[in-house]
Amino acid sequence: MGLSSVEAIDAKEMDYRSLSSSEHQQPPYMHKVGVPPKQNLFDEFKTTVKETLFSDDPLRPFKDQPRSRKFILGLQAVFPILDWGKSYNVSKFRGDVIAGLTIASLCIPQDIGYAKLANLAPQYGLYSSFVPPLVYSFMGSSRDIAIGPVAVVSLLLGSLLSSEIDPTTNPIEYRRLAFTATFFAGITQATLGILRLGFLIDFLSHAAIVGFMGGAAITIALQQLKGFLGIKKFTKETDIISVMKSVCRSAQHGWNWPTILIGAIFLTLLLFAKYAGKKNKKLFWIPAIAPLISVILSTFLVYITDAEKQGVEIVRHIEKGINPPSVKEIYFTGDYLLKGLRIGIVAGMIALTEAVAIGRSFAAKKDYQLDGNKEMVALGTMNVVGSMTSCYVTTGSFSRSAVNYMAGCQTAVSNIVMSIVVVLTLLFITPLFEYTPNAILSAIIISAVIGLVDYEATILIWKIDKFDFVACMGAFFGVVFASVEIGLIIAVSISFAKILLQVTRPRTALLGKIPRTNVYRNIQQYPEATQVPGVLIVRVDSAIYFSNSNYMRERILRWLTDEDEQLESVNQPKIQFLIVDMSPVTDIDTSGIHAFEELHRSLHKREVQLVLSNPGRVVIDKLHASDFMSQIGEDKIFLTVGDAVLTCSAKSPAEVV
């Protein structure tokens, strides 16, 4: 009978030990670390730029194509509808029509409410669900995203704009600044896409976004207390303390009970509809049409009861007709130009982050690729065109996109159908909204933003990463207790702080040998791993740059000191070899090499030899260029930690355990 697997492993282990401990046996062949051929500066620069900006190889379809074909491919790259439109059929159109009608029933009441959130007249919300979705339908690459005003961006825009111009006393200048901010939001988004700088939006971490969105949802809901309770004198601040003070002060004489009754009844109806839709996915259409049904019923109720005479605030007049041109209203000169630019950049980045996140989520569900840079160009173009047609900043709406997806949308044609319904509303139906109570709009917004408070994601963030949880809570409390701008600043600051912390304090590990193998792993992760007598093995889990090189050197020397003190206390020989596993080290700069030179000198004084294991192509190339290899010796560079230990243990009296 043959040896069992355990016996075979034991035999192999014994062979390995006898091989490593015997000085008379022939050592096994060891591969040397390869030195890559020198690459000229231009090729290296070209490779770096390509990987940074063109990692998706966007020009690949154009390769070896005739000029006419390249022209067609270029048009399809700018207008994806020309590509997928070739395979469009009646079946897809049926799904898009149903989805378009469904999201139109949801967007019309939401648009009126969101416009008030941005301190604009109701028709501007409807305008913003007509032109931008049409532009996106031709240029966007997402099949599921539904375009229009959203609560968070509307609140952010309203907050930033009102800090510059009072919308009540100067409505015309306020509206012009809104169009200016929308123009520059579009320019910002399109520029990021054209220059392929979409990776910049990834610097706002998922945890920070969850906290920011949750805080914004609470703030938006608190702002709706004015319409929900029928309060006429309400604070312009957005923090929770100011809002609650304003609500309490108006409790005796400022609340309107008929308004509260209307708001409470229809908010209950909307929440029940949302619960029913979440409980049974086939009933998705119930929460989708519930807002429009609520608007119709509440408007009819106010009309027949003359509730406005009892103090119930109503929408009153909504301008009829499609979007008027607004190019001449944009500030291209003067003091408001820079203010519009600043507000536009902030609003544009937040809108972009939300849209790309939504688009990626639904693309993953349907298993298709979403080109982030094309999305940015499409979103930017639609906002630039929107700013010239009386629209304010629009982006992808999560609630509408979810309804669009559930309704069975097939392509971006659902946005076209929605736009047609909105324009018909603007042309013929807007007078019917005159008696719509503000309370129902507040109820619709409150029910819509509740979903933005993602407590499940927050709990998961706490379980996974405590620093991420700090970022999440920092953004949340910043929005709730200060302002949307402060919350945004906190979110960005904590995200950058996390990056800096990870860059300046990379993870390092002590390695030990896994029993019965020639594998070396982190002794904290694998307690059974044993350290090699006379040898200290350290792994650096990061590129070594100027920002962390000193920390890396000091951390290794501190480990060496601790290890020597521990060995001395038990009368064991000190460390003779320090092996640095450089497998995870993707790059090193001059500061990093200088740190290794200092480490080498410090070790030499302690009579400890420095050994390197498996440096990568870029690292070994730079080590050779700096002449560091000649300082420590070519024989101190090994392909694996096992090879390094085998050689070092053969040179020392200690044996590998």
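The rules behind each value
Residues numbered from 1 in each chain as written. Predicted model: local features only at pLDDT ≥ 70, side-chain atom pairs only at ≥ 80, totals over all residues. Heavy atoms only, no water. UniProt positions renumbered as here; feature names shortened; annotations may be inferred. Axes fitted to C-alpha atoms, helices over the stretch in contact; angles between N-to-C directions. Helix = DSSP H or I, 4+ residues; strand = E, 2+ residues; numbered from the N terminus. Parallel < 35°, antiparallel > 145°, perpendicular 65-115°, else oblique. Left-handed = near helix turned anticlockwise from the far one by under 90°. Contact = heavy atoms within 4.5 Å. Nonpolar A, V, L, I, M, F, W, Y, C, P; charged D, E, K, R; others polar. Salt bridge = Lys/Arg side-chain N within 4 Å of Asp/Glu carboxyl O. Buried < 20%, exposed > 50% of the residue type's maximum accessible area, 1.4 Å probe, protein only. Patch = residues over 30% accessible without salt bridge, like charges linked within 9 Å, V, L, I, M, F, W, Y side chains within 5 Å. Areas by Shrake-Rupley, 256 points an atom, 1.4 Å probe, with all protein chains shown as cover.

As named in an unreviewed UniProt entry, the chain is STAS domain-containing protein, taken from Solanum tuberosum. For the record of the chain, the UniProt heading Subcellular location (unreviewed entry) holds the text "Membrane".

Caption draft 1: Representation of the packing of helix α5 (residues 90-117) against helix α17 (residues 398-406). Two elements in contact, α5 and α17, have axes separated by 9 Å at closest approach and are oriented at 165°. In terms of orientation, α5 and α17 fall into the roughly antiparallel class. As for the relative orientation of α5 and α17, their crossing is right-handed in sense. Along the contact surface, α5 presents Ala99, Thr102, Ile103, Leu106, Cys107, Gln110, Asp111 and Tyr114, while α17 presents Ser399, Arg400, Val403 and Asn404. Taken together, the residues of the contact of α5 with α17 sort by class into six nonpolar, four polar and two charged.

Caption draft 2: Seen up close, the pattern of salt bridges. Inspection of the entire model under this criterion finds 12 salt bridges. Among the salt bridges present, the one from Asp468 reaches Lys498, with a minimum N-O distance of 2.6 Å. Of this pair, Asp468 sits in helix α21 (residues 466-481) while Lys498 sits in helix α22 (residues 484-504), and the two are 30 residues apart along the sequence. The class of Asp468 is buried, set by a relative accessible area of 17%. Where Arg539 meets Asp541, a salt bridge forms, and the shortest distance between an N and an O atom there is 2.7 Å. The class for Arg539 is buried, based on a relative accessible area of 18%.

Caption draft 3: Broad picture of the side chain of Thr508. Within the fold, Thr508 resides in strand β3 (residues 508-513). Classification of Thr508 as buried rests on a relative accessible area of 17%.

Caption draft 4: Here's a closer look at a nonpolar patch on the surface. Among the surface-exposed residues, Phe71, Ile72, Leu75, Val78, Phe79, Leu82 and Phe138 lie close enough to one another that they form a single nonpolar patch of about 600 Å² accessible area. Counting residues per element, the nonpolar patch draws most heavily on helix α3 (residues 67-78), which supplies four residues. Looking at the element boundaries, Leu75 is found in helix α3.

Caption draft 5: Structural view of the environment of Phe266. By the element assignment, Phe266 lies in helix α13 (residues 257-279). A residue is classified by how much of its surface remains accessible, and Phe266, at 8% relative accessible area, is buried. A sequence separation of 59 residues divides Phe266 from Ala207, and the C-alpha atoms of the two residues are 33 Å apart. If sequence neighbours within four positions are ignored, Phe266 has contacts with Ser294, Leu297, Ser298 and Ile440.

Caption draft 6: The arrangement of the environment of Asn404 in detail. Following the sequence through the fold, Asn404 ends up in helix α17. Between the C-alpha atoms of Asn404 and Ser298, which are 106 residues apart in sequence, the distance is 26 Å. The residues touching Asn404, leaving out its near neighbours within four places in the chain, are Ala99, Ile103, Arg143, Asp144, Ile145, Ala146, Cys409 and Ser414.

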